[in-house]
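Observations on chain architecture
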Amino acid sequence: MTKSPDRTPLARDFFDRDVLEVAPDLLGRTLVRRSTAGTIEVRLTEVEAYAGEIDPGSHAFRGRTSRNSVMFGPPGHTYVYFTYGMWHCLNLVCGPEGRASGVLLRAGEINAGARLARERRISARSDKELAKGPARLATALDVDRELNGSDLFDGPAPALSVLHGTPPPADLVRNGPRTGVGGDGAHQPWRFWIDGDPTVSPYRAHTPRHRSSRKAT
């Protein structure tokens, strides 16, 4: 008999730890997204850690800005950013307040509210692809910059929260380089995923963008 996921909400103290402790510990947890349209629940299967000022791959590497200020805490809030002019990505802020760090939620299995997620992810070929990748996850959950800075512990029914869920056995947790990160941060093995899970997104190395050498006439 399969044990049902634990629906006890995680405490704020869970997030008030080093990002490299929090990131792998988020695997198997249940992310809950509540909105007027309905509720969606996702079992997290892939995440990436970003360690602020000591991490060249982090948005906060060069210090605090208006864009990344949420990353400096307090822990247990969301950091949502817009990328490539079309996608949002969802991060959970962790670590002690004043030291920027966060965990990018890269992928998961939608185990409640799939109908609503399908309406938002009409290009998905199967339910396994509904939240397979950070932009897809955010789209399925209708996450945008309006949720930037939201508190996971804002009352009994916050827009986003995390339940205890069912963490995987330690021997199924894998780690490796982060997807699409270049430069000095390219080789940090700070991407964590559940081995063999079909919702985990494929790894892609960073591809430098080359500006066209063609001159305007």
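Because the structure is a prediction, the values reported are computed rather than measured.

1. A short note on the confidence of the model for the chain
With 94% of its residues at a pLDDT of 70 or more, the chain has an overall mean of 92. Within the model, pLDDT remains below 50 along residues 211–217, and this stretch shows 0 contacts once partners closer than five positions in the same chain are excluded.

2. Some points on the nonpolar core
One finds F15, L26, L31, V103, L105 and I110 to be the most contacted residues of the largest nonpolar core, which totals 40 residues. Sort the elements by how many residues they give to this core and strand β3 (residues 38–50) lands first, with 5 residues.

3. Some remarks on the packing of aromatic side chains
On inspection of all chains with the given rule, the structure shows 3 aromatic pairs. Ring centres of F14 and F15 lie 5.1 Å apart, and the angle between their planes is 75 degrees; on these two criteria the pair is classed as edge-to-face. Note on F14: relative accessible area 11%, which makes it buried. Ring geometry for F15 versus F153: centroids 6.2 Å apart, planes at 70 degrees, classification edge-to-face. With a gap of 138 residues between them, F15 in helix α1 (residues 12–15) and F153 in the loop between α4 (134–140) and β7 (160–165) connect regions that are remote in the sequence.

4. Some thoughts on the side chain of T30
Structurally, the position occupied by T30 is in strand β2 (residues 30–35). On the basis of relative accessible area, T30 is assigned to the buried category, the value being 5%.

5. Observations regarding the pairing of strand β9 (residues 191–194)
Burial along β9 is two-sided: the face carrying R191 and W193 and the face carrying F192 and I194 are both buried. In terms of strand pairing, β3 meets β9 through 3 bridges, oriented antiparallel. The partner of E46 across the bridge, within β9, is W193. Bridge count for strand β8 (residues 173–176) against β9 is 4 bridges, and the pairing is antiparallel. Considered in β9, the bridge of N175 is made with F192.

6. Points about unusual backbone geometry
With an omega dihedral of 10 degrees, the bond running from G73 to P74 counts as a cis peptide bond. Within the fold, P74 resides in the loop between β3 and β4 (78–83). Here D142, not a glycine, exhibits a phi torsion of approximately 55 degrees, which is positive. Counting through the fold element by element, D142 comes out in the loop between α4 and β7. A residue is classified by how much of its surface remains accessible, and D142, at 38% relative accessible area, is partly exposed.

Rules and cut-offs
Residues numbered from 1 in each chain as written. Predicted model: local features only at pLDDT ≥ 70, side-chain atom pairs only at ≥ 80, totals over all residues. Heavy atoms only, no water. pLDDT = per-residue confidence, 0-100. Contact = heavy atoms within 4.5 Å. Core = buried A, V, L, I, M, F, W, Y, C linked by side-chain atoms within 4.5 Å. Buried < 20%, exposed > 50% of the residue type's maximum accessible area, 1.4 Å probe, protein only. Helix = DSSP H or I, 4+ residues; strand = E, 2+ residues; numbered from the N terminus. Phe/Tyr/Trp six-rings, centres within 6.5 Å; stacked < 30°, edge-to-face > 60°. Pairing = 2+ DSSP bridges.

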